[in-house]
Amino acid sequence: MAYLDHAATTPMLPEALDAYVQVARELGNASSLHAPGRCARRRVEEARERIAAALGARPSEVVFTGGGTESDNLAVKGIFWARRAADPARTLVVASEVEHHAVHDAVGWLVEHEGARVTWLPVDGSGRVQVDAVRAVCQADGDQIALVTAMWANNEVGTVQPVSELAEIAASHRVPLHTDAIQAVGQVPVDFSASGVAALSVTGHKLGGPVGVGALLMGREVDCTPLLHGGGQERDVRSGTLDVPGVVAFSVAVEMAAKGQPEHAARLAALRDELVARVRAAVPNAVYNGDPEHRLPGNAHFSFPGCEGDALLLLLDAQGIACSTGSACSAGVAQPSHVLLAMGASEPAARSSLRFTLGHTSTRAEIEALAAALPAAVERARRAGPRA
Amino acid sequence: MKVLAAMSGGVDSAVAAARAVDAGYEVTGVHLALSRNPQTYRSGARGCCTIEDARDARRAADVIGIPFYVWDLAERFHTEVVDDFVAEYAAGRTPNPCLRCNEKIKFAAVLDKAVALGFDAVVTGHHARLGADRRLRRSVDPAKDQSYVLAVLSRRQLDRAIFPLGGSTKAHVRAEAADRGLAVADKPDSHDICFVADGDTPGFLAGRLGAEPGPIVDADSGEVLGAHAGAYRFTVGQRRGLRLDRPAPDGRRRYVLSITPVSNTVTVGPAEALAVSTVSGERPVWTDSARPPAGPVECEVQLRAHGDPVPAVVSLSGGGLTARLRRPVRGVAPGQAVVAYRPDPGGDIVLGSATISAAKPAGW
Ligand SMILES: Cc1ncc(COP(=O)(O)O)c(C=O)c1O
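Computed from a predicted model, the values in this text were never measured in an experiment.

## Structural notes on the overall build of chain B
Line of reasoning, step 1. Broken down by element type, chain B carries eight helices and 17 strands.
Line of reasoning, step 2. Computed over the C-alpha atoms, the radius of gyration of chain B is 21 Å, within 12% of the 21 Å expected from 2.2 N^0.38 for a compact globule of 364 residues.
Line of reasoning, step 3. Across its three principal axes, chain B shows a C-alpha extent of roughly 65 × 50 × 35 Å.
Line of reasoning, step 4. Within chain B, the fraction of its 364 residues that count as buried is 55%.
Line of reasoning, step 5. Working note: accessible area of chain B is about 15200 Å², and carbon and sulfur atoms make up 50% of it.
Line of reasoning, step 6. In chain B, 45 positive and 41 negative side-chain charges are present, and the distance between their average locations comes to 2 Å.

Structure (structure tokens):
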């Protein structure tokens, strides 16, 4: 099998898996006061310190969550609620048009149910947020903004945003900026404090850790209303008994991803460039989407004119090649990607896209397999037409 | 051979897909998303097209161990089936949307896409037989037989269709589903029309066609016996819901005899006036032989879903089909299909079909 869908989830690193299995044998609730509890708590706090060190944060800024979706929801809703509670005029959310659904739909929910207003930040043809647009909205409406949220790197087309610049503008208006760095960690350098963001989402399963564990890095000064109420385990912002083996394995993966980032990125970029060249040679009219420069090293994203991405996916899957159309499903029905539409693509172009993403287990042989299967698949998919 | 199994989320299509795997085909499951807004089509276990159904289909595909995808055919379904359904009622006819869906969606849009993608055939859970002789026959389970709604298919369509369930009763299919560990084994059958959420067809049509009041006229006396809110609410043969203002002059029950959209008139008459002995059909399909028969064919015809077969002589000419019934039949509605069968111990064979355009009373 050729697995070209690491942006969906990537295999656990052996070290993370070993750590998981080892800790899963141990007993203890990190909130308990007795010896097993203390042991569990020690594991958790070591993990917290490991993650803080790897990502340029202080340990107290690490809030463990049940994954990326929860981190995004906690940041968007929690900061909105807290800021509005402190100042009822702050009901405006500023968000990029290319956010993952975990952010996008959380913002939409605030608009529908919490009286929030939203200003969507446009992107250019390569998916980059326009810095001037952020400056303009901060200047015009700075005293009404609850938060700005702009992802570090896009999960579909891999475009990396000028997050530090955006954070600086927001900070100069005393507006907190949240960034979803879920696809970025391990692929590009991510330093929480140097970036100037107020909050940053990260998740385990995109960087070699387990699924269902993540964190929200959040400055001590940032107020955030909890989503989950209960024992108040995480800074009183997040309740729930911590998944100790998950948290430990996650921290091992984050540490390895951050430490190994330069070599990992160089290896992925070389493989990715080869993949791009092979796809272009195999399908000359394929359109390479995204930003050639500000881009995740493991991401290649194409439109195949005249084909439906869904049809290509089915045909490649039948040849043992796993990739993605990158867009979300609604009731199982593929929707044209809001990211590509925001980048100015037509609906047919958006529906003709496939995402190939690489990770730590990727090999040249997988790229060869793709290059071998692609021409016939594209020809078939073209015959089947853009829409059934 | 590579085949595409259309999986509705019900028990029949799940077992059909499983049998196709057993038969040695390379099977890919596909659920057809037919609703523009999945919440608006009937929810719960009875229907098709809901999110629940998509999930049931996916779960069945996982148990069977085949790849599974959802294909979005909502726009095609809407124009080819739903809009057609409304337009047919507006034109005073009584359409069968399942038949139209087979003709235009499952064995057209889906089949064409499947063939283009390299599949050889489409597998469905219809209860009908299509054996080695490639003849379409009734299911062994007469209560579940669906050959009527498949009779619109052309030879070309049938040649790329596989119906693995035709030799089994529904009870057997359910038992087999349970044996195979398919959770849909005891899911209730779907009834009615999947896109009419609450089963209220007149209400559905009223929402699209609006109120169109008109007279209810007695065929015998020419008298206006009442008023209706829209002729599309009626089907030939219908008695209930007429709500006549006054009884017919002869005091007998009245039935809908015909619907005339131009004057928006519903014509009623006594039961015996419903009897017809000649049925004309348009857009005929003949699958019994490569060419349509030159002369009359002695056979049986079925004039509505689950209707009783009637001995008849069928002939094709001038782009139409005529069935002369050996005994009169009551309540033949234009828009339904006339399907010709040849009785056969191995399952009655579908010879051909047409859409009923007119029915002439006995005595003509
Ligand atoms: C950019 C981005 N944000 C959020 C998520 C959601 O993360 P999780 O799967 O951990 O809930 C994902 C992954 O699907 C993602 O790629």
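Next comes the rest of the account.
## Details of the domain arrangement of chain A
All names here are of chain A.
Line of reasoning, step 1. Each domain of chain A was delimited in the assignment, giving domain 1 (2-9 + 261-384) and domain 2 (14-259).
Line of reasoning, step 2. Measuring from the centre of the C-alpha atoms in domain 1 to the corresponding centre in domain 2 gives 27 Å.
Line of reasoning, step 3. Contacts between the two partners involve 30 residues from domain 1, matched on the other side by 31 residues from domain 2.
Line of reasoning, step 4. Counting the surface lost from both domain 1 and domain 2, the interface buries some 2400 Å², and carbon and sulfur atoms represent 52% of this.
Line of reasoning, step 5. The largest share of the area that domain 1 buries against domain 2 comes from Q261, L296 and H338, three residues that together contribute 29% of it.
Line of reasoning, step 6. There are zero salt bridges connecting domain 1 and domain 2.
Line of reasoning, step 7. Inspection of the domain 1/domain 2 interface yields 17 residue pairs in polar contact (both at pLDDT 80 or more).
Line of reasoning, step 8. Taken together, the elements giving at least two residues each to the side of domain 1 that touches domain 2 come down to α9 (261-282), β10 (299-303) and α11 (338-342).

## Comments concerning the packing of helix α8 (residues 244-259) of chain A against α9(A)
Residue and element names in this part refer to chain A.
Line of reasoning, step 1. At a minimum axis distance of 5 Å, the contact between α8 and α9 shows a crossing angle of 70°. One element, α8, and the other, α9, form an angle in the roughly perpendicular class. Contact with α8, carried on its side by A257, A258 and K259, involves Q261, P262 and E263 of α9 and no other residues of that element.

## Some thoughts on the interface of chain A and chain B
Line of reasoning, step 1. Contacts between the two partners involve 15 residues from chain A, matched on the other side by 15 residues from chain B.
Line of reasoning, step 2. Of the roughly 1500 Å² buried between chain A and chain B, counting both surfaces, carbon and sulfur atoms make up 65%.
Line of reasoning, step 3. In this structure, the connection of chain A to chain B is made through one salt bridge.
Line of reasoning, step 4. Its salt-bridge partner being A:E308, residue B:K113 comes within 3.5 Å of it at the nearest N-O pair.

## Side note on the domain arrangement of chain B
Residues and elements named next belong to chain B.
Line of reasoning, step 1. We note that the domain assignment places domain 1 (2-186), domain 2 (211-273) and domain 3 (275-361) within chain B.
Line of reasoning, step 2. Centre-to-centre separation of domain 1 and domain 2, based on C-alpha positions: 38 Å.
Line of reasoning, step 3. The interface of domain 1 with domain 2 comprises five residues on the first partner and four residues on the second.
Line of reasoning, step 4. Between domain 1 and domain 2 the total buried area reaches about 390 Å² when both faces are included, carbon and sulfur atoms providing 59% of it.
Line of reasoning, step 5. In this structure, the connection of domain 1 to domain 2 is made through zero salt bridges.
Line of reasoning, step 6. At the junction of domain 1 with domain 2, the criterion picks out one residue pair in polar contact (both at pLDDT 80 or more).
Line of reasoning, step 7. Along the lines of polarity and charge, the residues of the side of domain 1 that touches domain 2 split into three nonpolar, two polar and no charged.

## Some details on the sheet that holds strand β10 (residues 255-260) of chain B
Residue and element names in this part refer to chain B.
Line of reasoning, step 1. A sheet is described by the order of its strands in space; here four strands give the open sequence β9-β8-β11-β10, paired in mixed fashion. The sheet terminates laterally at β9 (224-228) and β10, the two strands that pair on one side only. Looking at each pair of strands side by side, their axes are set apart by 30° on average, direction ignored.
Line of reasoning, step 2. Bridging between β10 and strand β11 (residues 265-269) involves five bridges; their strand directions are antiparallel. Paired with T260 across the two strands is T265, which belongs to β11.

## Brief notes about the pairing of β9(B)
Line of reasoning, step 1. Both strand β8 (residues 214-218) of chain B and β9(B) contribute to a ladder of four bridges, which runs antiparallel. Considered in β9(B), the bridge of B:G214 is made with B:H228.

## Re the site of the ligand
Residue and element names in this part refer to chain A.
Line of reasoning, step 1. Around the ligand sit 13 residues, and of these T69, D180, Q183, T203 and K206 come closest.
Line of reasoning, step 2. The contact in question runs from an oxygen atom of the ligand to an N or O atom on the side chain of K206, over 2.8 Å.
Line of reasoning, step 3. Protein chains shield 85% of the accessible area of the ligand, which is 390 Å² for the free molecule.
Line of reasoning, step 4. Among the elements that line the shell around the ligand, the one with the most residues is helix α3 (residues 68-86), at three residues.

## A few points about the sheet that holds strand β1 (residues 2-6) of chain B
The pairing of strands in a sheet happens through backbone hydrogen bonds and is either parallel or antiparallel.
All names here are of chain B.
Line of reasoning, step 1. Strand order in the open sheet formed by five strands is β3-β2-β1-β4-β7, and the pairing between neighbours is parallel. Of all the strands in the sheet, just β3 (68-72) and β7 (161-162) have a single pairing partner and so form its edges.
Line of reasoning, step 2. Helix α2 (residues 51-64) rests against β2 (26-33) and β3 of the sheet, and its axis sits at about 150° to β3.

## Re the pattern of salt bridges
Line of reasoning, step 1. A complete count under the given rule lists 46 salt bridges over all chains for this structure.
Line of reasoning, step 2. For A:D87, the salt bridge identified is with A:R90, shortest N-O distance 3.8 Å.
Line of reasoning, step 3. In this structure A:D87 comes out as partly exposed when scored by relative accessible area, which is 27%.
Line of reasoning, step 4. Through salt bridges with shared partners, one network takes in B:D12, B:K144, B:K170, B:R174 and B:D189.

## Here's the deal with unusual backbone geometry
Residue and element names in this part refer to chain A.
Line of reasoning, step 1. Even without glycine at this site, D236 takes up a positive phi of about 65°.
Line of reasoning, step 2. Structurally, the position occupied by D236 is in the loop between β8 (214-218) and α8.
Line of reasoning, step 3. Classification of D236 by relative accessible area gives exposed; the value is 58%.

## A look at the packing of aromatic side chains
The geometry of an aromatic ring pair is captured by two quantities: the separation of the ring centres and the angle between the planes.
Line of reasoning, step 1. Considering all chains together, one arrives at 11 aromatic pairs over all chains under this definition.
Line of reasoning, step 2. Plain terms: the ring middles of A:Y288 and A:F302 are 5.1 Å apart, the flat faces sit at 40° to each other, and that makes the pair tilted. Here A:F302 lies in strand β10 and A:Y288 lies in strand β9 (residues 287-288), a separation of 14 residues in the sequence.
Line of reasoning, step 3. Look at A:F302 and you get buried, because its relative accessible area is 0%.
Line of reasoning, step 4. Between B:F77 and B:F195, the aromatic rings sit 5.8 Å apart at their centres with planes inclined by 70°, giving edge-to-face as the arrangement.

## Things to note about the side chain of A:T65
All names here are of chain A.
Line of reasoning, step 1. Among the structural elements, T65 can be located in strand β2 (residues 62-65).
Line of reasoning, step 2. Within the local environment of T65, its side chain forms a polar contact with the backbone oxygen of G67, the two atoms lying 3.1 Å apart.
Line of reasoning, step 3. Within polar-contact distance, the side chain of T65 engages the side chain of S71 at 2.8 Å.
Line of reasoning, step 4. Dropping the residues within four chain positions of it, T65 is found in contact with E70, S71, L74, G212, V213, G214, A215, L216 and R238.

## Focus on the pairing of β8(B)
Residues and elements named next belong to chain B.
Line of reasoning, step 1. Of all five residues in β8, four are buried; the element is thus mostly enclosed.
Line of reasoning, step 2. The hairpin formed by β8 and β9 contains five residues between the paired strands, and G222 there has a positive phi angle of roughly 75°.
Line of reasoning, step 3. As defined by bridge partners, β8 adjoins β11 across three bridges and the pair is classed as parallel. Bridge pairing in β11 places D218 opposite V268.

Rules behind the numbers
Residues numbered from 1 in each chain as written. Chains lettered and ligands numbered in written order. Predicted model: local features only at pLDDT ≥ 70, side-chain atom pairs only at ≥ 80, totals over all residues. Heavy atoms only, no water. Helix = DSSP H or I, 4+ residues; strand = E, 2+ residues; numbered from the N terminus. Rg over C-alpha atoms; globule rule 2.2 N^0.38 Å. Buried < 20%, exposed > 50% of the residue type's maximum accessible area, 1.4 Å probe, protein only. Areas by Shrake-Rupley, 256 points an atom, 1.4 Å probe, with all protein chains shown as cover. Lys, Arg positive; Asp, Glu negative; His and termini not counted. Charge placed at Lys NZ, Arg CZ, Asp CG, Glu CD. Domains from an automatic or database assignment. Contact = heavy atoms within 4.5 Å. Buried area = accessible area lost by both parts, 1.4 Å probe. Salt bridge = Lys/Arg side-chain N within 4 Å of Asp/Glu carboxyl O. Polar contact = N/O pair within 3.5 Å; in protein donor to acceptor, adjacent residues only side chain to side chain. Axes fitted to C-alpha atoms, helices over the stretch in contact; angles between N-to-C directions. Parallel < 35°, antiparallel > 145°, perpendicular 65-115°, else oblique. Nonpolar A, V, L, I, M, F, W, Y, C, P; charged D, E, K, R; others polar. Pairing = 2+ DSSP bridges. Near = heavy atom within 4 Å. Phe/Tyr/Trp six-rings, centres within 6.5 Å; stacked < 30°, edge-to-face > 60°.

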